[in-house]
Amino acid sequence: MFNSIRFLLVASLLNLAAASVFSQRSLEPFVRDELLVKFSNDVSLGVASNAHELVGVDQVKPLGDLGWHLVRVRDARSLASVEAAYRSL
C-alpha cells in the first residue's frame, strides 16, 4: 500500500516536471519580431492602420483605449529600423 502511494506521488511529480519543461516556449524575455507602438490619443484606428501598412508591419491587436498597438514585423528588418520608420511618419 505504502509503495503504491509512493509510486503515484513520484509519477505525479515526474509528470508535472515534464509538463513544465515542454510547455516553456523560449528562454528569452521578449518576442523577437513583435513591437509595442504607442500613438497619441487623438490618432484614430484608421490612421494607425495606415501607419502600420506604411511601415510594413502586421497589426496583431490594439491594446485597449490607451493608443498602444502590438505589431509584428513582416520581414527580417531590425526592430530599431521599424522604430525609426514610425518616428519618421
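For the structure, check the block above.
Residue numbers restart at each chain and count upward from 1, following the sequence in its written direction. Given that this is a predicted model, residues contribute local features only at a pLDDT of at least 70 and side-chain atom pairs are listed and counted only at 80 or more, while totals for whole chains, interfaces and linings are drawn from all residues. Side-chain measures here rest on the full set of heavy atoms in the structure, leaving out hydrogens and waters.

So, the packing of aromatic side chains
The pairing test for Phe, Tyr and Trp rings, Trp by its six-membered ring, is centres within 6.5 Å, and the orientation test on the planes gives stacked under 30 degrees, edge-to-face over 60, and tilted for anything in between. Per the counting criterion, the structure on display carries one aromatic pair. Both rings, one in Phe39 and one in Tyr86, keep their centres 6.3 Å apart while their planes meet at 75 degrees; by these two values the pair is edge-to-face. Taken together, the residues span a long stretch of sequence, with Phe39 in the loop between β1 (34-38) and α2 (45-55) and Tyr86 in helix α3 (residues 79-87) at a distance of 47 residues. Each residue is assigned to one of three classes by its accessible area relative to the maximum for its type, calculated with a 1.4 Å probe on protein chains only: buried under 20%, partly exposed between the two thresholds, exposed over 50%. Taking the relative accessible area as the measure of exposure, Phe39 reaches 13% and is therefore buried. Strands are runs of DSSP state E lasting at least two residues, helices are runs of H or I lasting at least four, and both sets are numbered from the N terminus onward.

Quick notes on the side chain of His52
Within the secondary structure layout, His52 lies in helix α2. Polar contacts, as counted here, are pairs of nitrogen or oxygen atoms within 3.5 Å of one another; within protein the pair requires one atom able to donate a hydrogen and one able to accept it, and residues that are adjacent in sequence qualify only if both atoms are side-chain atoms. At 3.5 Å, the side chain of His52 and the side chain of His69 are in polar contact. When neighbours within four sequence positions are excluded, His52 is seen to be in contact with Phe39, Val57, Gln59, His69, Val71 and Tyr86. Here, two residues are considered to be in contact whenever any of their heavy atoms come within 4.5 Å of each other.

Here's the deal with the side chain of His69
Tracing the backbone through its elements, the reader meets His69 in strand β3 (residues 68-73). Judged by its relative accessible area of 4%, His69 falls in the buried class. Those residues within four positions of His69 in sequence are excluded, and the remaining contacts are Leu35, Leu36, Val37, Phe39, Leu45, Ala48, His52, Gln59, Lys61, Pro62 and Leu63.

Considerations on the nonpolar core
Judged by nonpolar contacts, Val37, Phe39, Ala48, Ala51, Val55, Val57, Val71, Val73, Val82 and Tyr86 together constitute the single largest core of ten residues. When residues of this core are traced back to their parent elements, those giving at least two are α2, β3 and α3. A per-element tally of this core places α2 first, with three residues. Beyond its immediate stretch of four places on either side in the chain, Tyr86 contacts Val37, Phe39, Ala51, His52, Val55, Val57 and Val71. Grouping buried Ala, Val, Leu, Ile, Met, Phe, Trp, Tyr and Cys residues that are joined through side-chain atoms within 4.5 Å yields what is termed a nonpolar core.

Some words on the pattern of salt bridges
A pairing counts as a salt bridge when a side-chain nitrogen of Lys or Arg comes within 4 Å of a carboxyl oxygen of Asp or Glu. The final tally for this structure, using the stated rule, is five salt bridges. Ionic pairing is found between Glu34 and Arg72, a salt bridge with its closest N-O pair at 2.6 Å. Of this pair, Glu34 sits in strand β1 while Arg72 sits in strand β3, and the two are 38 residues apart along the sequence. Each member of the salt-bridge network shares a partner with another, and the members are Glu53, Asp58 and Arg74.

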